[in-house]
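Structure assessment
So you can see what is in the structure, the chains are spelled out below.
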Amino acid sequence: MGLHKENKLNKLHDLLPEGVAVPSKWLAEQGYSRQLVRKYVQSQWLQPLGRGVYARPQTELKWQGLVLGMQHFAHSPFHVGGVSALNLQGYAHYLPLGGDDKGDSNKASSEIIHLWGQGKVPAWVKAATLSETLQFHPRQLFDEPAQDVGFELIPAGIRDLSLQVSAPERAIMEVLYDVQGDEHAFSHALELFEGLTSLRPKRVNALLQHCRSIKVKRLFLFMADQFSYPWITRIEKKSLNLGSGKREIVKGGKLDKQYLITVPERRNQ
């Protein structure tokens, strides 16, 4: 191998950490042509993980490596959210990571990773093979002023890279967004809420103020009323737009007259 080509390969090893997946577009932007990528694959210096997605060989790709590739290398606007974010920060370690009983009943809920963001999921991400399932929520839950509110960076265990995840205040609202028609999902969300003993009221108020979902705001306030944590007394309820009309949250549930949502009957005593 020529010195130039060897230096180029060494540079790739410096740029691309082991266990991180990147799209072919990123490789091209770093100066690695299709022909050179093909040669690296043939020489087993790069491993194709699907159409248009690559990683260094001899390292099993885990979901963290794919999400790091999305966030740091492809700048795709998705973050780890919902119950997955709570789990990573120690708020849901005793509960299933998936957070619901929907989908393939043969797949353990602990293998579902929830990713929230805006825009289309990149094709190269869909092409990569993982043992876990990535469940995407391509929704804009908050207005523009709160788009950058409520995130944390946690070490990914790969070099000095960090994963962007929803802070607990944002994550629980993402969980509540997906509570619909199912008493189990409602109860699971309430269990998660019970573990949030020390949320930051300033951040909670900012997110509630700019939350686009009337359902999420009403559910959040209903669940907050079930507990007596110090931060709950500082929620600015009167400034919130809670909309009008009733919302069916749990099918067959009883109407809570304060927030006009249907909840399991035993929670409406």
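See the structure above.
Residues numbered from 1 in each chain as written. Predicted model: local features only at pLDDT ≥ 70, side-chain atom pairs only at ≥ 80, totals over all residues. Heavy atoms only, no water.

Overview of the overall build of the chain
- The helix and strand tally for the chain stands at 10 helices and 10 strands.
- Here the C-alpha coordinates of the chain stretch approximately 75 × 40 × 30 Å along the principal axes.
- Put simply, the chain has 269 residues, and 49% of those count as buried.
- Restricting the contact set of the chain to residue pairs at least 6 apart, pairs at least 24 apart contribute 66%.
- For the chain, the exposed surface amounts to about 13700 Å²; the carbon and sulfur share of it is 47%. (Helix = DSSP H or I, 4+ residues; strand = E, 2+ residues; numbered from the N terminus. Buried < 20%, exposed > 50% of the residue type's maximum accessible area, 1.4 Å probe, protein only. Contact = heavy atoms within 4.5 Å. Areas by Shrake-Rupley, 256 points an atom, 1.4 Å probe, with all protein chains shown as cover.)

A closer look at the packing of helix α7 (residues 168–177) against helix α8 (residues 183–194)
- Where α7 contacts α8, the axes come no closer than 10 Å and their chain directions differ by 170°. Considered as vectors, α7 and α8 are oriented roughly antiparallel to each other. Across the interface between the two elements, I172, V175 and L176 from α7 touch A189, L192 and F193 from α8.
- Class assignment of the residues belonging to the contact of α7 with α8 gives a composition of six nonpolar, no polar and no charged. (Axes fitted to C-alpha atoms, helices over the stretch in contact; angles between N-to-C directions. Parallel < 35°, antiparallel > 145°, perpendicular 65-115°, else oblique. Nonpolar A, V, L, I, M, F, W, Y, C, P; charged D, E, K, R; others polar.)

As for the packing of aromatic side chains
- For the coordinates displayed, the defined rule picks out 11 aromatic pairs.
- Plain terms: the ring middles of F186 and F222 are 6.1 Å apart, the flat faces sit at 55° to each other, and that makes the pair tilted. Separated by 36 residues along the polypeptide, F186 in helix α8 and F222 in helix α10 (residues 214–224) bring together distant segments of the chain. This pair shows no difference in class: F186 is buried, exactly as F222 is.
- Arranged with centres 6.1 Å apart and planes meeting at 10°, the rings of F193 and F227 form a pair that is stacked. One end of the pair, F193, is in helix α8; the other, F227, is in the loop between α10 and β9 (254–256), with 34 residues separating them in the sequence. We note that F193, like F227, is buried.
- A cation over an aromatic ring shows up here: K8 above the ring of Y32, its NZ or CZ 4.7 Å from the ring centre.
- A cation over an aromatic ring shows up here: R139 above the ring of W116, its NZ or CZ 5.7 Å from the ring centre. (Phe/Tyr/Trp six-rings, centres within 6.5 Å; stacked < 30°, edge-to-face > 60°. Lys NZ or Arg CZ within 6 Å of the ring centre and 35° of its normal.)

Quick word on the side chain of E132
- With respect to the helices and strands, E132 occurs in the loop between α6 (123–127) and β6 (133–137).
- Here E132 occupies a buried position and makes no salt bridge, while the nearest side chain of opposite charge, K62, is found at 5.7 Å.
- A polar contact of 3.5 Å, which involves the side chain of E132, links it to the backbone nitrogen of W63.
- Contact partners of E132, with chain neighbours within four places excluded, come to K62, W63, E111 and I113. (Lys, Arg positive; Asp, Glu negative; His and termini not counted. Salt bridge = Lys/Arg side-chain N within 4 Å of Asp/Glu carboxyl O. Polar contact = N/O pair within 3.5 Å; in protein donor to acceptor, adjacent residues only side chain to side chain.)

Some details on the sheet that holds strand β3 (residues 53–55)
- Taking strand neighbours across the sheet as the criterion, the three strands line up as β1-β3-β2 in an open arrangement whose pairing is antiparallel. Bordering the open sheet on either side are β1 (22–23) and β2 (47–50), each of which pairs with just one other strand.
- In this structure, β1 lies alongside β3, joined through two bridges in antiparallel fashion. Across the sheet, the residue bridging to P23 is V53, located in β3. (Pairing = 2+ DSSP bridges.)

Brief notes about the environment of P57
- With respect to the helices, strands and loops of the structure, P57 is situated in the loop between β3 and α4 (63–73).
- P57 gets classed as buried once you look at its relative accessible area, which sits at 15%.
- Sequence separation between P57 and K246 is 189 residues; the distance between their C-alpha atoms is 55 Å.
- Non-local contacts of P57, meaning those with residues more than four positions away in its chain, are made with Q44, W45, L46 and Q47.

Structural notes on the pairing of strand β7 (residues 151–155)
- The pairing of β7 with strand β8 (residues 162–166) spans five bridges and is antiparallel. The residue bridging P155 from the neighbouring strand is S162, located in β8.

Some remarks on the pairing of strand β5 (residues 112–117)
- Counting buried positions over the six residues of β5 gives six, a clear majority of the element.
- Judged by which residues are buried, β5 turns out to be covered on both faces: I112, H114 and W116 on one side and I113, L115 and G117 on the other are all buried.
- Here strand β4 (residues 78–80) pairs with β5 via three bridges, running antiparallel. Its bridge partner lying in β5, V80 is registered against L115.
- Alignment of β5 against β6, held across five bridges, turns out to be parallel. Within β6, the position partnered with I113 by the bridge is L134.

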